[in-house]
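Now for the letters of each chain:
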Amino acid sequence: MSRLFLLFSLFALAPGSTLAWTGQVAYVSDGDSIWVKPADGTAAERLRLDGIDAPERCQIGGEASRAALRARILGRGVDVQVRAHDAYGRALASVRLAATGEDVAAWMVRQGWAWSHRFRGHAGLYDAQEAEARAASRGVFAQAQPELPRDFRARHGPCQ
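Residues numbered from 1 in each chain as written. Predicted model: local features only at pLDDT ≥ 70, side-chain atom pairs only at ≥ 80, totals over all residues. Heavy atoms only, no water.

Student: Looking at this structure, how should I read the overall build of the protein chain?
Tutor: Helices and strands together make up the secondary structure of the protein chain, namely five helices and seven strands. The 160 residues of the protein chain split such that 40% are buried. A sequence separation of at least 24 residues applies to 56% of the contacts in the protein chain between residues at least 6 apart. On the protein chain, roughly 8,800 Å² of surface is accessible, and the fraction owed to carbon and sulfur atoms is 55%. (Helix = DSSP H or I, 4+ residues; strand = E, 2+ residues; numbered from the N terminus. Buried < 20%, exposed > 50% of the residue type's maximum accessible area, 1.4 Å probe, protein only. Contact = heavy atoms within 4.5 Å. Areas by Shrake-Rupley, 256 points an atom, 1.4 Å probe, with all protein chains shown as cover.)

Student: I would appreciate a short explanation of the pairing of strand S5 (residues 77-85) in the present structure.
Tutor: Within a regular strand, side chains alternate between the sheet's two faces. Relative to S5, strand S1 (residues 19-30) runs antiparallel, the two sharing six bridges. Counted as the bridge partner of Ala20 is Gln81 from S5. Note: S5 against strand S6 (residues 91-97), seven bridges, orientation antiparallel. By the bridge assignment for S6, Val78 is matched with Leu97. (Pairing = 2+ DSSP bridges.)

Student: What's the story with the packing of aromatic side chains in this structure? I'm lost.
Tutor: Aromatic rings considered in pairs are described by the distance between their centres and by the relative angle of their planes. All told, the structure shown has one aromatic pair when counted by the stated rule. Plain terms: the ring middles of Trp115 and Phe141 are 5.5 Å apart, the flat faces sit at 75° to each other, and that makes the pair edge-to-face. Of this pair, Trp115 sits in strand S7 (residues 115-116) while Phe141 sits in the loop between helix H4 (127-135) and helix H5 (149-156), and the two are 26 residues apart along the sequence. For Trp115, a relative accessible area of 2% translates into the label buried. (Phe/Tyr/Trp six-rings, centres within 6.5 Å; stacked < 30°, edge-to-face > 60°.)

Student: Looking at this model, I keep getting lost on unusual backbone geometry. Mind explaining?
Tutor: Of note in the backbone geometry, Ser137 takes a positive phi value of approximately 55° without being a glycine. Among the secondary structure elements, Ser137 is positioned in the loop between H4 and H5.

Student: I'm lost on the pattern of salt bridges in this one. Help?
Tutor: Pairing between side chains of opposite charge can happen when their charged atoms approach one another. For the structure shown, the criterion picks out 14 salt bridges. Ionic pairing is found between Asp50 and Arg83, a salt bridge with its closest N-O pair at 2.7 Å. Highlighted residues: Asp50 in the loop between strand S3 (45-49) and strand S4 (52-53) and Arg83 in strand S5, separated in sequence by 33 residues. In this structure, the salt-bridge partner of Arg138 is Glu132, at a minimum N-O distance of 3.3 Å. On the accessibility criterion, Arg138 (27% relative accessible area) is partly exposed. Glu132 gets classed as partly exposed once you look at its relative accessible area, which sits at 35%. Taken together, the shared-partner salt bridges connect Asp32, Arg48, Asp53, Glu56 and Arg153 into one network. (Salt bridge = Lys/Arg side-chain N within 4 Å of Asp/Glu carboxyl O.)

Student: Got a minute to help me understand the sheet that holds S1 in this structure?
Tutor: Think of a sheet as strands paired side by side through backbone hydrogen bonds, with each pair either parallel or antiparallel. Spatial strand order, S1-S2-S3-S6-S5: five strands in a closed barrel with mixed pairing. The sheet shows a mean angle of 55° between the axes of neighbouring strands, taken without regard to direction. Docked against the sheet, helix H2 (residues 62-73) engages S1, strand S2 (33-38), S3 and S6, running at close to 135° with respect to S1. (Axes fitted to C-alpha atoms, helices over the stretch in contact; angles between N-to-C directions.)

Student: Got a minute to help me understand the nonpolar core in this structure?
Tutor: Generally speaking, soluble globular proteins have nonpolar side chains that are buried together. Ile34 and Leu47 are the most contacted members of the largest nonpolar core, which has 33 residues in total. Those elements giving two or more residues to this core turn out to be S1, S2, S3, H2, S5, S6 and helix H3 (104-110). With six residues, the single largest contributor to this core is H3. Look past the residues within four positions of Leu47 in its chain and what remains in contact with it is Trp21, Asp32, Ser33, Ile34, Val36, Val80, Arg90, Ala91, Ala93 and Val95. (Core = buried A, V, L, I, M, F, W, Y, C linked by side-chain atoms within 4.5 Å.)

Student: Any chance you could explain the side chain of Gln129 here in plain terms?
Tutor: Looking at where Gln129 falls in the secondary structure, it is placed in helix H4. For Gln129, a relative accessible area of 16% translates into the label buried. Those residues within four positions of Gln129 in sequence are excluded, and the remaining contacts are Ala106, Val109 and Arg110.

Here it is as structure tokens:
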């Protein structure tokens, strides 16, 4: 077993379970990572939007991706469903706007500011939204050959 698998296993919830709560978006780190202050008044939680990968902040399109997400959700009420935790301690979560039920990750991909997360040859949950954004040349897909964030990280490491 790989170290990453072991770490991920330590943070995973029971199979098929989720942890659901509501809160308000307090901070947007980048195009797929946010902080949400729970409605119960506890400390803000660091979340990774499940199912997507947005450009790194120092990557072409990274700041625009962050700005788009910030404009869409900062200060707004959200419904959160945590599926697991990643190796960085972030909760992997589905986040929906409380007022409309809109899936925030789907919106980011549809607008062209994130990719549908691919895993072992599977297109990912938001493949249709990515195809729509590519066809319309939205966001990062306006570039001739946008670089996947995982490839960018492999070549450059994390942003400082």
